[in-house]
Each structure stands twice: as C-alpha cells, then as structure tokens.
Amino acid sequence: MSKKVIVIGAGVAGLASAIRLQHAGYQVEIYEKEASPGGKMNRIETDGYKFDLGPTIVMMPELYREIFELCGRNPDDYIPMERLDPMYRVYYKDIPDAPFDISSNLVQLTKTIEKISEEDMEGFFLYLHEIYKRFMVAKHNIIQRPFRKSRDFYNFSMLKKALKLKTFDTADRFMSKYMKNERLKQMISFQTLYIGISPFKSPSFYTMIPMIQFMYGVWFIKGGMYTMALAMEKLFKELGGTIHYNKSVQEIDVHNGKATGILVDGQKVPADFVVCNADFPYAIKNLVKDRVAKGKFTDKKIDKMKYSCSCFLLYLGMNRKYEEIEHVHNFIFTEDLKKNLHDIFAGNKLTNGSFYVYIASKMDASLAPEGKDGLYILMPVSHVAAANYEWNEETIQDYRSYILNTLKKIRGFEHIEQEIVTETCITPRDFESKFNAYNGSTFGLMPILSQSNHLRPQSKAKHCDNLYFTGSSTHPGAGVPIVLLSARITVQELIQDDQGIIFDYSGK
C-alpha cells in the first residue's frame, strides 16, 4: 500500500506539491480551511464580475507548464496562455498624459528607453548583460536546490558561485551604476515589490525580476490567474488525490521527533508524511506545538523576523468598457517613489502612493458582464505590525479617495467614481485572517540577505522527521514561479528521505 501524505493548505505550492507526490505514487490528501483552491491565487465574484484576488502577472510560463507536462498532460488543455505585448503601461503621476509602453520586443523597448533617456541606453544594455550572468548563477546553483545542511552552502564550490551574485549592493545602488534617469530606474527597480521588498533595501540580484520580463515576456492565462488554481485542482483529482475543503488544521501531530499526522476538528488524522503550505511563520508558531520540533524558530524569533509589505486592493465593477486604457497591466508611479517606499516600510500612512491597475476583462470578456470592465487596483502598504495607523473604515476611505482622485487625471478615467456599480476591497487585516499571512504580510518573510537562500526556512524541518514546508516564506521565496520551485524542492526532499533518491543540484 502506498504511503500517505497530508498537505496542509491548497495554495499554489500546496497544490503543486500534492500533484508531484500523487504522481510519484503517494496517497495524498489536502486539508484546506477555505472552500476553494488557490490560497491567495483565488477569485472574487460579484454581480457578474470576476476578479483575480491576488497574483496577476504571469512570468516564466515554463514553470506553470512544468507541473502538467510532468504528469503527461498538455498544458494548453489546462492553462491556455497568450503573450502580452506591450507587457504593461507606466504612468507618472506628474505627467499623466505621457505614459510609456513597456515591450519585451527589443526594438520597441529600445525606442521607449531612448525616449526616456537616450544617455542611459548603453547603461541599460550593460545592466541586462550583468544581471543575466547573475541570473544564470542563481538559476543553476541557488533557487532550484535546497540547503539542508550548512555545508550545502558553506563549501568552496558554492561560495565561489554565490560570490558571483554580488549580493551586498542594493537594487537601487546597482541600477544607479548603469542608469542616471530617475524615471527609468524607477521603472525597473520597483519590481522588487513583486516580492514585498523596497529596491532601496533589496539585494541587487532581485533586479533579475524585470530582466526576466524584458527577455522572456509576460503572459496572460485565459480566465485569469485563478484558472491556474482550478487547473491544478483538476489535475490533482484526475491523479486520484483528495481535497478536504472547509477543514482548518489545528495542529501538526508530532510524536518522538516525527510528524505523524494532523489534528483537525478535534480528530487526529494519521499520515506517513506532512507537507505544510500554511505560511511558515504562522505554521511554526501555531501548528507546530512541540517545542523541540520548532528548532530555533521560537515564538520570540518569529516575532523578530522581518516581514514583507502588505497590499490594499480595490475590486471595482464598472458600468462600461475602458477602450481608452489600452493595456491589461498599468502602473501609476508617484513622482517621489523613494518617499513612497520609505513610508510603506516605516509604517506611515500613505498620502502619495504608487499603485497598479489590472483590467483582465480586456483579454477575456467573460470576466465581466457584456460591455463592461472590472478594475483590480493594488497599492503596496505597510504590514499590520509595522503600520502606525489602524485599518478601519476611515483608512479604507482615505486610500480609496486617493486612488480614485489620482486616476481621474488619466485620460479615460476622468469619471471613474461615477462609473462604479459594484465594489469590494481587501486590506492587510484580511490577508492576516483569511490566509494566515503573518502580520498580514502578503509576500511572507522579507527576502533580505539574512532571510534568503540558505538563511531562509528550508523545506525539510531540521528538528522533526517526516515534516516539510513549502510556500513563499520558505526557500527560494515569493512569487508564483518561485513557489512552484519551492514545491519541486519540497517533494524532492521528501522522496530523498523516503526512497533514498539523491537529486543532482550541481547545476550547469
């Protein structure tokens, strides 16, 4: 009889881990506290409008496709994709009538950058050259492998490769070596916010995120990002896996230094292995009650760790189509991005913030009623513990008013407030309560150097056998493609322990 694995949470990494394990011959059951799959990759439906709840931008599509190809399926049957070009449009608050379209077509991208700053064009190509080299080092030696033991990192070969990442610069200082124009630097370096950290604090190698977009493109999945969650659920069930919804796990059962199952609804459910996709800080503090099994991650240490920013989101159903707004992805930057980012991480209430507008119904009309669009608006904000203000109705209205008043200055959005027919929002408090995101931090642990790579929580629990973790607060980090890699690493670690199969992480 095949061994049983319980996966806690049907988020992206939980579903991907479950699929890989079920495909490998294990009997897998997922326990999910909500009523649907996906975790933050979910959907909000209201009055005929369908909104992706969390992630929206598809990068590195080969990692999305990999999970289906592994199981002998054609990904196009599950997650049909289309490449976007231009990838997105950038507006600057002080020049709303002069936006820039950002393409992954090198000819078009060159023209756009020359329009912003011809003097920085050479520096831009030098940036691409340098960060591509670092990306190859990270891809083949860091982000696709675990660091189970100290010597997995602290050996001559690995340290030699790690030094090539030149991690001690910040993203902003790194960009400043190649480009001087502030708008151009903002356009590139802001994307560290995709993983919840400021470019003024982020290690420089995270500027590989925009490089990946420039060189490999951005894609759209038909039906929006939630299609990926539904497709993984479908594949898992096709393989014979079982999902229990509306089941909130109270504890990971640990006996004699080994995970032996879970406690749910007051009943113990036994298993040979447990894979936890709940946010690592929440899980280690609330689900792992055995003191020895926690290892160094005491409650005090969890509280002292650094956490990513959070997000305030508006989901607006509109009474018309926005033909004047040509693109799916739109970024609106304040003229003082540095102050904006400082205020987010200092916990200040924002009075002049940057935000993002996503109109998925431009690519898939089925996501809104006929002749109408839905607007998804995201503004990065402080996480709950950092915020020097309360998340109450006054705060929500202040942020809502700021966003709408800013959009009114952009052609096409002049009458936005009068065109809203349905509206809902999500705050950091919702991320904390609905998704057990510690401190409401949307992207989990902040990826500073002391919480990255070998210093980040790993898949294999160090002080408890048969217990594994996966998701954005574990290595290699946040972002949909990266948590898909987290799932791959987690499953390889489990199989190594169970079957003695040693995976090759030597890279190229």
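Notes on the structure follow. Every chain's residues receive numbers from 1 upward, in the order its sequence appears when written. Residue-level local features of this predicted model are given only where pLDDT is at least 70; pairs of side-chain atoms are given and counted only at 80 or more, and the full residue set underlies all totals for whole chains, interfaces and linings. With hydrogens and water excluded, all non-hydrogen atoms of the structure serve as input to the side-chain values.

### Some details on the overall build of the chain
Right, on to step 1. Put simply, DSSP marks the helices as runs of H or I at least four residues long and the strands as runs of E at least two long, and each gets a number from the N terminus on. Within the chain, the secondary structure is distributed over 16 helices and 19 strands.
Right, on to step 2. Radius of gyration means the value over C-alpha atoms here, while the globule rule gives 2.2 Å times the residue count to the 0.38 power. For the chain, whose C-alpha radius of gyration is 22 Å, the value lies close to the compact-globule estimate of 23 Å for 508 residues.
Right, on to step 3. Projected onto its principal axes, the C-alpha coordinates of the chain cover approximately 65 × 55 × 45 Å.
Right, on to step 4. Relative to its 508 residues, the chain shows a buried fraction of 62%.
Right, on to step 5. Partitioning the intrachain contacts of the chain with sequence separation of at least 6 by distance along the chain shows that 73% fall at a separation of at least 24. With a 1.4 Å probe rolled over the protein chains alone, any residue whose accessible area is under 20% of its type maximum counts as buried; one over 50% counts as exposed, and the rest are partly exposed. The contact criterion used throughout is that any non-hydrogen atoms of two residues lie within 4.5 Å.

### Digging into the sheet that holds strand E9 (residues 242–244)
Right, on to step 1. Only strands joined by at least two bridges in the DSSP assignment are considered to pair. Strand order in the open sheet formed by 5 strands is E9-E2-E1-E13-E19, and the pairing between neighbours is parallel. Each edge of the sheet is formed by a strand with only one pairing partner; in this case those strands are E9 and strand E19 (467–469). Adjacent strand axes in the sheet meet at a mean angle of 20° when their direction is disregarded.
Right, on to step 2. In this structure, strand E1 (residues 4–8) lies alongside strand E2 (residues 27–31), joined through 5 bridges in parallel fashion. Residue pairing for E2: Ile8 is matched across the bridge by Tyr31. Fitted lines through C-alpha atoms serve as axes, helices being fitted only where they are in contact, and the angles separating the N-to-C directions of these axes extend from 0 to 180 degrees.

### A few points about the pairing of strand E17 (residues 374–381)
Right, on to step 1. Of all 8 residues in E17, 8 are buried, a share of seventy percent or more.
Right, on to step 2. Here E17 shows a buried face lined by Gly374, Tyr376, Leu378 and Pro380 and a second buried face lined by Leu375, Ile377, Met379 and Val381.
Right, on to step 3. Strand direction decides the pairing type here: strand E14 (residues 310–318) and E17, joined by 8 bridges, are antiparallel. When the bridges of E17 are listed, Leu314 appears paired with Ile377.
Right, on to step 4. Inspection of the sheet shows strand E16 (residues 355–358) paired to E17 by 3 bridges, in the antiparallel sense. Looking across to E17, one finds that Tyr358 is bridged to Tyr376.

### Some thoughts on the state of the cysteines
Between two cysteines, a covalent bond joining their sulfur atoms is known as a disulfide.
Right, on to step 1. Two cysteine sulfurs form what is called a disulfide whenever their separation falls within 2.5 Å. In the structure shown here, the tally under the stated rule is 0 disulfides.
Right, on to step 2. Sulfur of Cys276: no disulfide; nearest cysteine sulfur belongs to Cys464 and is 11 Å away.
Right, on to step 3. On the basis of relative accessible area, Cys276 is assigned to the buried category, the value being 0%.
Right, on to step 4. By relative accessible area, which is 1% here, Cys464 ends up buried.

### Re the nonpolar core
Right, on to step 1. Joining through side-chain atoms within 4.5 Å is the link that ties buried Ala, Val, Leu, Ile, Met, Phe, Trp, Tyr and Cys residues into a set, and such a set is a nonpolar core. Within the largest apolar cluster, 153 residues are counted, with the highest numbers of intra-cluster contacts made by Tyr64, Phe124, Tyr127, Phe214, Met228, Leu407 and Phe413.
Right, on to step 2. If we skip the residues at most four places from it in the chain, Tyr64 touches Ile57, Val58, Met59, Ile79, Met81, Ile221, Met225, Met228, Val480, Pro481 and Leu484.

### So, the packing of helix H2 (residues 61–70) against helix H9 (residues 226–238)
Right, on to step 1. Orientation of H2 relative to H9, taken along the N-to-C sense of each, is 15°, at an axis distance of 11 Å. Classified by the interaxial angle, the pair formed by H2 and H9 is roughly parallel. You can see that H2 and H9 cross each other, and the crossing is left-handed. Contacts from Tyr64, Ile67 and Phe68 in H2 reach Met228, Ala231, Met232 and Leu235 in H9. Oblique is the label for every angle not falling under 35 degrees (roughly parallel), over 145 degrees (roughly antiparallel), or within 65 to 115 degrees (roughly perpendicular). Here a crossing is taken to be left-handed if its near helix is turned anticlockwise relative to the far helix by less than a right angle, and right-handed if that turn runs clockwise.

### Structural notes on the packing of helix H3 (residues 106–117) against helix H4 (residues 121–141)
Right, on to step 1. The N-to-C vectors of H3 and H4 enclose an angle of 130°; their axes lie 9 Å apart at closest approach. When the axes of H3 and H4 are compared, the pair comes out oblique. Of the residues in H4, those touching H3 at Leu106, Leu109, Thr110, Ile113, Glu114 and Ser117 are Met121, Phe124 and Phe125.
Right, on to step 2. Grouping the amino acids of the contact of H3 with H4 by side-chain chemistry returns 6 nonpolar, 2 polar and 1 charged. Nonpolar residues are Ala, Val, Leu, Ile, Met, Phe, Trp, Tyr, Cys and Pro. Charged residues are Asp, Glu, Lys and Arg, and all others, Gly as well, are polar.

### Things to note about the sheet that holds strand E12 (residues 267–270)
Right, on to step 1. Taking strand neighbours across the sheet as the criterion, the 3 strands line up as E10-E11-E12 in an open arrangement whose pairing is antiparallel. Since the sheet does not close on itself, it has two edges, and those belong to strand E10 (249–255) and E12, each with one partner. Between one strand axis and the next, the sheet turns by 35° as a mean value, whatever way the strands run.
Right, on to step 2. As defined by bridge partners, E10 adjoins strand E11 (residues 258–264) across 6 bridges and the pair is classed as antiparallel.

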